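So the chains spell out like this:
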Amino acid sequence: MNTRRELPAVSVAVVRGDRVLLVKRARPPSQGLYAFPGGKVEPGETLEQAARRELMEETGLTARAFRPVETILIDGAGEGHPVDYRLTVFGADYHHGEPEPADDAESAAFYTLAEMSAMPLAGSVFTIAEELLASGGNGLA
């Protein structure tokens, strides 16, 4: 029986042209890896509200057309984290702003798939970015 707590969390893959927004995580889980901006869902928030808030807090950006693309269970035990997270990944279209890292993001920028292929990425980041770019008709160049 699993006695670990599972918390809802969100992340947002923001697409701008042929690039996807990534932040370098400054804290566990996945510290030092590049991932989509995100974090825990606060009490009373919907998943989409949490995704919008986390995007603004970590990067200063706004996006539109939020849509859930994948749900991932993140086992925190591997990194000594006291809880597990049920992460809902949203896809979204860039709307406004330039990425400025804040909160628990060490850096924030838009990257092409070619650039991402040489970066230390968290979990399924590359696969999700690839699917979003392909489905958006933006091409993979």
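Counting of residues starts from 1 at the beginning of each chain's written sequence and follows it residue by residue. Predicted model: local features are reported for residues with pLDDT of at least 70 only, side-chain atom pairs are reported and counted for 80 or more only, and whole-chain, interface and lining totals are derived from all residues. Only heavy atoms go into the side-chain values, all of them from the structure, while hydrogens and water stay out.

## Description of the environment of Q31
Now for step 1: Comment: elements are numbered from the N terminus, with helices defined as DSSP H or I runs of at least four residues and strands as E runs of at least two. Inspection of the secondary structure puts Q31 in the loop between strand 2 (19-25) and strand 3 (34-35).
Now for step 2: Note: C-alpha distance between Q31 and S11 (20 residues apart in sequence) is 15 Å.
Now for step 3: Residue contacts for Q31: discarding those within four places in its chain leaves R25, A26 and E79.
Now for step 4: Polar contacts involving the side chain of Q31 include one to the main-chain carbonyl oxygen of A26, which spans 3.2 Å. By definition in these notes, contact holds between two residues if any of their heavy atoms fall within 4.5 Å. Each polar contact in these results corresponds to two N or O atoms within 3.5 Å; when the atoms are within protein, one needs to be able to donate a hydrogen and the other to accept it, and residues that are neighboring in sequence are counted only if both atoms are side-chain atoms.

## So, the pairing of strand 1 (residues 5-16)
Each regular strand shows side chains that alternate between the opposite faces of the sheet.
Now for step 1: Criterion used throughout: strands pair if DSSP finds at least two bridges between them. Note: strand 1 against strand 6 (residues 83-96), 11 bridges, orientation parallel. Residue pairing for strand 6: P8 is matched across the bridge by R86.
Now for step 2: By the bridge criterion, three bridges tie strand 1 to strand 4 (residues 38-40) in an arrangement that is antiparallel. Residue pairing in the sheet places A9 in a bridge with K40 of strand 4.
Now for step 3: Across two bridges, the pairing between strand 1 and strand 2 is antiparallel. By the bridge assignment for strand 2, V15 is matched with V20.
Now for step 4: Between the antiparallel neighbours strand 1 and strand 2 lie two residues, among them G17 with a positive phi of about 65°.

## Description of the confidence of the model for the protein
Now for step 1: Averaged over all residues, the pLDDT of the protein equals 90, while 94% of them reach at least 70.
Now for step 2: Per residue, pLDDT measures the predictor's confidence, with a range of 0 to 100. For residues 137-141, every residue scores under 50 in pLDDT, and the model assigns this stretch 11 contacts once sequence neighbours within four places are set aside.

## A short note on the nonpolar core
Now for step 1: Membership of the largest hydrophobic core comes to 23 residues, with the highest contact counts inside it found for V20, L22, F36, M116, M119, L121 and V125.
Now for step 2: Looking at this core element by element, the count peaks at five residues for helix 3 (residues 125-135).
Now for step 3: Not counting residues within four places of it along the chain, the set of residues in contact with F36 comprises S11, V12, A13, V20, L21, L22, V23, V89, V125, I128 and A129.
Now for step 4: One finds V41, F66, A92 and Y94 within the second-largest nonpolar core, a separate group that totals 15 residues. Note on terminology: a nonpolar core comprises buried Ala, Val, Leu, Ile, Met, Phe, Trp, Tyr and Cys residues joined through side-chain atoms within 4.5 Å. Three exposure classes are used, based on accessible area relative to the maximum for each residue type with a 1.4 Å probe and protein chains only: buried under 20%, partly exposed in between, and exposed over 50%.

## Describing the pattern of salt bridges
Now for step 1: Any Lys or Arg side-chain nitrogen found within 4 Å of a carboxyl oxygen on Asp or Glu counts as a salt bridge. For the structure shown, the criterion picks out 13 salt bridges.
Now for step 2: The salt bridge involving R27 is made with D104; its shortest N-O contact spans 4.0 Å. Within this pair, whereas R27 is found in the loop between strand 2 and strand 3, its partner D104 is found in the loop between strand 6 and strand 7 (105-111), the two being separated by 77 residues in sequence.
Now for step 3: Classification of R27 by relative accessible area gives partly exposed; the value is 44%.
Now for step 4: The structure contains a network of salt bridges with shared partners spanning E42, E45, R53, E54 and E57.

## Side note on unusual backbone geometry
Now for step 1: The backbone phi angle of A65 is positive, close to 55°, even though this residue is not glycine.
Now for step 2: Within the element layout of this structure, A65 appears in strand 5 (residues 62-74).

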